[in-house]
Structures are given as C-alpha cells and as structure tokens.
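Examining the three-dimensional arrangement
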Amino acid sequence: MTHADQLDDSSAPLIEHLRELRTRLIHSVVAFIIGMCICFAVATPIFNFLTNPLCEVLATRGQDCDLIFISPQEGFFVAVKVSLLGGLILSFPYIASQMWRFVAPGLYRSEKGAFLPFLVASPFMFLLGASFAFYVVTPLAYDFFLGFQQFGNDGTAVPADGVGDGLSVVFQGSAQEYLNLTVKFIVAFGLCFQLPVLLTLMGKAGLVTSMGLRAVRKYAVVGILVLAAVVTPPDVITQIILFVVVYGLYEISIQLVKRVEKKREEQLRAEGVLGENEGLYDQFEDDDEDGTR
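Residues numbered from 1 in each chain as written. Predicted model: local features only at pLDDT ≥ 70, side-chain atom pairs only at ≥ 80, totals over all residues. Heavy atoms only, no water.

The name that an unreviewed UniProt entry assigns to the protein chain is Sec-independent protein translocase protein TatC, with the source organism given as Pelagovum pacificum. According to the UniProt record, the Function (unreviewed entry) comment for the protein chain reads "Part of the twin-arginine translocation (Tat) system that transports large folded proteins containing a characteristic twin-arginine motif in their signal peptide across membranes. Together with TatB, TatC is part of a receptor directly interacting with Tat signal peptides." Check the Subunit (unreviewed entry) section of the UniProt entry for the protein chain; it says "The Tat system comprises two distinct complexes: a TatABC complex, containing multiple copies of TatA, TatB and TatC subunits, and a separate TatA complex, containing only TatA subunits. Substrates initially bind to the TatABC complex, which probably triggers association of the separate TatA complex to form the active translocon." (UniProt positions renumbered as here; feature names shortened; annotations may be inferred.)

As structure tokens, this is what we get:
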C-alpha cells in the first residue's frame, strides 16, 4: 500500500466525524430555534417576570413600575432578546446531550465517568449564579441606581435639604436598557459560578494544583476585586457581595482540586506506583500546616 493510499484510508474516519459533527450542530441549531420560537410566543410574560426586581424596588418607593419604548422597533427587539435568552436555556439540555453523544465514543469508560459530573454540574452552577444575581444582586443594584432620583415640591416626596426644590428627576426607564442590564447581571454571575467547575476540571487534567492555586491567592484576590468593579454597578455593597461570593468559590475550588489530588494519589498507591508512606502532595499538606500558603 502506497503512502497516498494510507492517507486516503485515514481520511475516511475524519470525514465521518465531520459529518456527524455537522449533524449534531444542525440538530442543536434546530432545537435552539424551536426554543426561541416558543419563548417568542410568551415573551411578554417572561419579560414581566424579569421586571420583578425593579418593580419591587419601585413599590417600596411608592412609584409605579412603568417602562417605556423610546423607538418604534424597541418592543420587537426586546421580544427577540427575551426569546434568544429563553431559547438558549430551553435548548441547552438537548444541545449538551448532542455534544456529549459526539464526544463520548472517543472517551474511555473512566474518562466518561470523570467528565460526565462536570457536564451536569456546569448548567446547575450557572442557574445557581443566575438565580443569585436575579434575586439578590439585581434588586440591590436597582435600589442603588434609583436612589439618585429627586422629587419636586409636588407632594410626591419630601426633597432633600437644598436639593430638588421644584424640580423632579425621576426614573422613566427604557425597556430595552433595563433588559440589557439585567441580562448582563445574570450572565456575568452565571459565568462566575462556573469557577469551581472549571478549576476542578483543570485539576482533574493536571493543569492546576491546589498548591499552585494557593500560591496565586493574592493575585486572585486582586483579579476578583477588579471583576467586582467591572461587573457590578458602583455600589460598594453589591461589589462586596460579588467579591465574597467569588472568593468563596475560589477557596471551594482549592478544596475540590485537593480532593482530586488525593484520589489520584490513592489510585497510584493502589497500582503500586507509590509506596504506603509516599505521596505526591505531602508538601502541599506541610504548607497548609505551616500556614505558608
């Protein structure tokens, strides 16, 4: 068999994999479009649900929850954005299953058992972060923003001393701007909550270690502070909440990676690679006890 024949034979499996990938992607796109159409049909109830944090804050201030369209096409684009987000959420389980069915045949049984929990944990952690953003962070952010309103002497509120005499500057928000900011919070916190999943998976692959994560802890603190300043509004309380949550997730990630290392060490010891009194991560434990890391 010539070298050219060998290349032709080896290209057949690649073409089959590409065809299968194309089929999986087409199925995923169709599922997303179906989910998007479903959400577009009920876009108004979904948007009303997303406005709950704002409406609750306005209610505590004695104001009506009214949003406006500042352009004729804005209502349509709001419905499209709501359907895009909802369609992605609805179709994600099917899309994830399609990707898993494409990747799984190329994995060993042990690799499947190691990767599958992360595939399940990732959407769960995203929903957890999105829920935290929607029910905790978003109301605090809008309460901060709406605190800059001022009311004139029309009986609706008592103005601050020397501020707002006869002048009213009140919230009259754009529906599209509100949706953009709310989705930003939801997506940002959903991605932040992927940190334990990402670092644990990297630890499983040997790309990071618990000692390495502890060694860069001070840099992680600075990075998290910058992230809190960028993602959240200029509200100290909201920024502190994000910092505490993400830093807590970072510390949890260290413990999860350490647990992965312990399991790897036990496996090597069972295979006879390591002796009973030997360990790959003894130095890590010494650092913890000495408090140097």
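Turning to helix α2 (residues 43-50), a few remarks are in order. Structurally, the α-helix is built with 3.6 residues per turn, so residues lying three or four positions apart point the same way. Within the sequence span of α2, burial applies to Ala 43, Phe 47 and Leu 50. For α2, the angular spread of the buried residues around the axis is 55°, confining them to a single face. Relative to its buried face, α2 has exposed residues pointing more than 90 degrees away, namely Thr 44 and Pro 45. (Buried < 20%, exposed > 50% of the residue type's maximum accessible area, 1.4 Å probe, protein only. Helix = DSSP H or I, 4+ residues; strand = E, 2+ residues; numbered from the N terminus. Arc of directions from axis to C-beta.)

Turning our attention to the side chain of Thr 182. Within the secondary structure, Thr 182 is located in helix α6 (residues 175-192). Leaving out residues up to four positions away in the same chain, Thr 182 has contacts with Leu 50 and Tyr 142. (Contact = heavy atoms within 4.5 Å.)

Here we take up the environment of Ser 131. Looking at the element boundaries, Ser 131 is found in helix α5 (residues 109-146). Expressed as a C-alpha distance, the spacing of Ser 131 and Gly 190, which sit 59 residues apart in the sequence, is 8.3 Å.

Feature annotation in UniProt assigns "transmembrane region" (unreviewed entry) to the following positions: residues 25-47, 76-95, 115-137, 185-203, 215-231 and 237-257. The span residues 76-95 is 100% helix and 0% strand, and its two end C-alpha atoms sit 26 Å from each other. In residues 115-137, the share of helix is 100% and the share of strand is 0%. The end C-alpha atoms are 31 Å apart.

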